[in-house]
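Notes for the structure review
Spelled out from the first residue to the last, the chains are:
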Amino acid sequence: MRFTSNMAQIIDGKNMANQIHSELCKELSQFVAEGNPVPHLTAIIVGEDPASQKYVEKKTEACKKIGIRSRTIVLPESTTQAELLDVIDKQNKDESVNGVLVQLPVPAHIDERTVCNAIIAAKDVDGFNEINIGRLALDMNGIVPATPLGVKTLLERTNIPTFGRNAVVVGRSKNVGLPLSILLHSDGSHATKGLDATVTICHRYTPAKELAKYCRQADIIVVAVGKPGLITKDMVKPGACVIDVGITRVQDEAGKYKLVGDVDFDEVRQVAGHITPVPGGVGPMTVAMLMQNTILAAKKQAADRAN
Ligand code: GUN
């Protein structure tokens, strides 16, 4: 007897990230064999947020696996903005450092935009500096934020068609929703290889009825909001690809903590064509793309030094 299933294909981000790690490991070995220094990433955390500590741990573990040198600078919650900018400046000037990131969020007394702009564009492996965001918007080669780049890579490596398709991005954050909407709609014939989709951006002021209407027209839905259960089965066109960037820590009935996304996974998987799980979907791809950006930054810096 044959059973057929209409359930969505689950996109395994963890497996894809591991594959990318091994590709990067080879790329890095070759770069070092050519006489270049081992790429070096500095991660800075301000305060003691356990989630931030966990994320940075995952990043440094990935560095170790691939062979990237890494250092984590932990600063107290009471660090002033001027002190943080001073630490960043030292990393900017240190020629042995190729990539610098400040784990977000920073404490409320520090301005996130000032911090993101303080990391020089060449070492800004998060791609959050105004120069890198500007380059992305203008189809110029720069460093692309890791989470949106992870989503783009997931779509490409899963062979999800995007050319002329309808995509809805739910969430307009400067680090995820905005850069992702640029990657999705920009020109595929350009060197930066956009995805040529028709993009609708929905956000907190999109009425619920309108959100459902736009989502139902979408071939691709990417949601990055942090509201568990926001995307339900009735909002998804049969066969659509649903990418869940949300991560929220919730308690289950037994009181155990677990991570959930913005999509009602068990329901939506019954209608979608493809779906990413949380955890194990976009999260590992963000880390893989950070590794890719660090090696790219080191290569660009080596090329600039040679010229
Ligand atoms: N906090 C949540 N996501 C990110 C990220 O991609 N980079 C940094 N630096 N902080 C984050």
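Up top you'll find the structure we're talking about.
Since the structure is predicted, the reported quantities are computational estimates derived from the model, not experimental observations.

With that settled, consider the pattern of salt bridges. What the rule picks out here adds up to 8 salt bridges. Where Arg 157 meets Glu 23, a salt bridge forms, and the shortest distance between an N and an O atom there is 2.8 Å. Of the two residues, Arg 157 sits in helix H6 (residues 146-157) while Glu 23 sits in helix H1 (residues 13-33), which places them 134 residues apart along the sequence. Look at Arg 157 and you get partly exposed, because its relative accessible area is 40%. Residue Glu 23 is classed as partly exposed on the basis of its relative accessible area, which comes to 32%. With a closest N to O distance of 3.1 Å, Asp 86 and Lys 90 form a salt bridge. Separated by 4 residues within a single helix, Asp 86 and Lys 90 lie in helix H3 (residues 81-93), roughly one turn from each other.

Our next topic: the sheet that holds strand S3 (residues 69-75). Spatially, the 3 strands line up as an open sheet ordered S3-S2-S4, and their pairing is parallel. The strands lining the two open edges of the sheet, one partner per strand, are S3 and strand S4 (99-102). Neighbour to neighbour, the strand axes of the sheet diverge by 15° on average, direction disregarded. In this structure, strand S2 (residues 40-46) lies alongside S3, joined through 7 bridges in parallel fashion. Looking across to S3, one finds that Ala 43 is bridged to Thr 72. Sheet strands touched by helix H2 (residues 50-66): S2, S3 and S4. Its angle to S2, the strand with the most contacts, is close to 170°.

All residues adjacent to the ligand are Lys 59, Leu 101, Val 102, Gln 103, Leu 104, Asp 126 and Phe 128. Taking Leu 104, its main chain carries an N or O atom lying 2.9 Å from a nitrogen atom of the ligand. Between the ligand and Asp 126 there is a distance of 2.6 Å, counted from a nitrogen atom to a side-chain nitrogen or oxygen. With the chains in place, 76% of the 280 Å² that the ligand exposes on its own is no longer accessible. When its residues are assigned to classes, the shell around the ligand shows 4 nonpolar, 1 polar and 2 charged.

Turning to the nonpolar core, a few remarks are in order. Judged by nonpolar contacts, the single largest core of 48 residues is most densely connected at Leu 41, Ile 68, Val 151, Leu 155, Ile 243 and Met 291. Sort the elements by how many residues they give to this core and helix H10 (residues 282-306) lands first, with 9 residues. With 20 residues, the next largest nonpolar core counts Cys 202, Cys 215, Val 242 and Ala 272 among its residues.

Moving on, we come to the environment of Ile 295. Within the fold, Ile 295 resides in helix H10. Considered as a pair, Ile 295 and Ala 240 are 55 residues apart in the sequence and their alpha carbons are 34 Å apart.

When strand S9 (residues 248-251) meets strand S10 (residues 257-260), the two strands line up antiparallel, connected through 4 bridges. Across the sheet, residue Arg 249 finds its bridge partner in S10, namely Leu 259. Where S9 folds back onto S10 in an antiparallel hairpin, the turn is made up of 5 residues, including Gly 255, whose phi is positive at roughly 85°.

This part is about the packing of aromatic side chains. Enumeration according to the criterion identifies 0 aromatic pairs in this entry. Its end group placed over the ring of Tyr 214, Lys 213 keeps NZ or CZ at 5.2 Å from the ring centre. Just above the ring of Tyr 257 sits the side chain of Arg 249; from NZ or CZ to the centre is 4.0 Å.

Let us now look at the sheet that holds strand S7 (residues 220-223). Taken in spatial order, the 6 strands make up an open sheet running S1-S11-S8-S7-S5-S6, and their pairing is parallel. The open sheet has two free edges, formed respectively by strand S1 (9-10) and strand S6 (198-202), since each of these has just one partner strand. Sheet topology note: the S1/strand S11 (residues 274-275) ladder contains 2 bridges and is parallel. Bridged to Gln 9 within S11 is His 274. Against the sheet, helix H7 (residues 177-185) makes contact with strand S5 (166-170), S6 and S7, and its axis sits at roughly 170° relative to S5, the strand it touches most.

Procedures and definitions
- Residues numbered from 1 in each chain as written.
- Predicted model: local features only at pLDDT ≥ 70, side-chain atom pairs only at ≥ 80, totals over all residues.
- Heavy atoms only, no water.
- Salt bridge = Lys/Arg side-chain N within 4 Å of Asp/Glu carboxyl O.
- Helix = DSSP H or I, 4+ residues; strand = E, 2+ residues; numbered from the N terminus.
- Buried < 20%, exposed > 50% of the residue type's maximum accessible area, 1.4 Å probe, protein only.
- Pairing = 2+ DSSP bridges.
- Axes fitted to C-alpha atoms, helices over the stretch in contact; angles between N-to-C directions.
- Contact = heavy atoms within 4.5 Å.
- Near = heavy atom within 4 Å.
- Polar contact = N/O pair within 3.5 Å; in protein donor to acceptor, adjacent residues only side chain to side chain.
- Areas by Shrake-Rupley, 256 points an atom, 1.4 Å probe, with all protein chains shown as cover.
- Nonpolar A, V, L, I, M, F, W, Y, C, P; charged D, E, K, R; others polar.
- Core = buried A, V, L, I, M, F, W, Y, C linked by side-chain atoms within 4.5 Å.
- Phe/Tyr/Trp six-rings, centres within 6.5 Å; stacked < 30°, edge-to-face > 60°.
- Lys NZ or Arg CZ within 6 Å of the ring centre and 35° of its normal.

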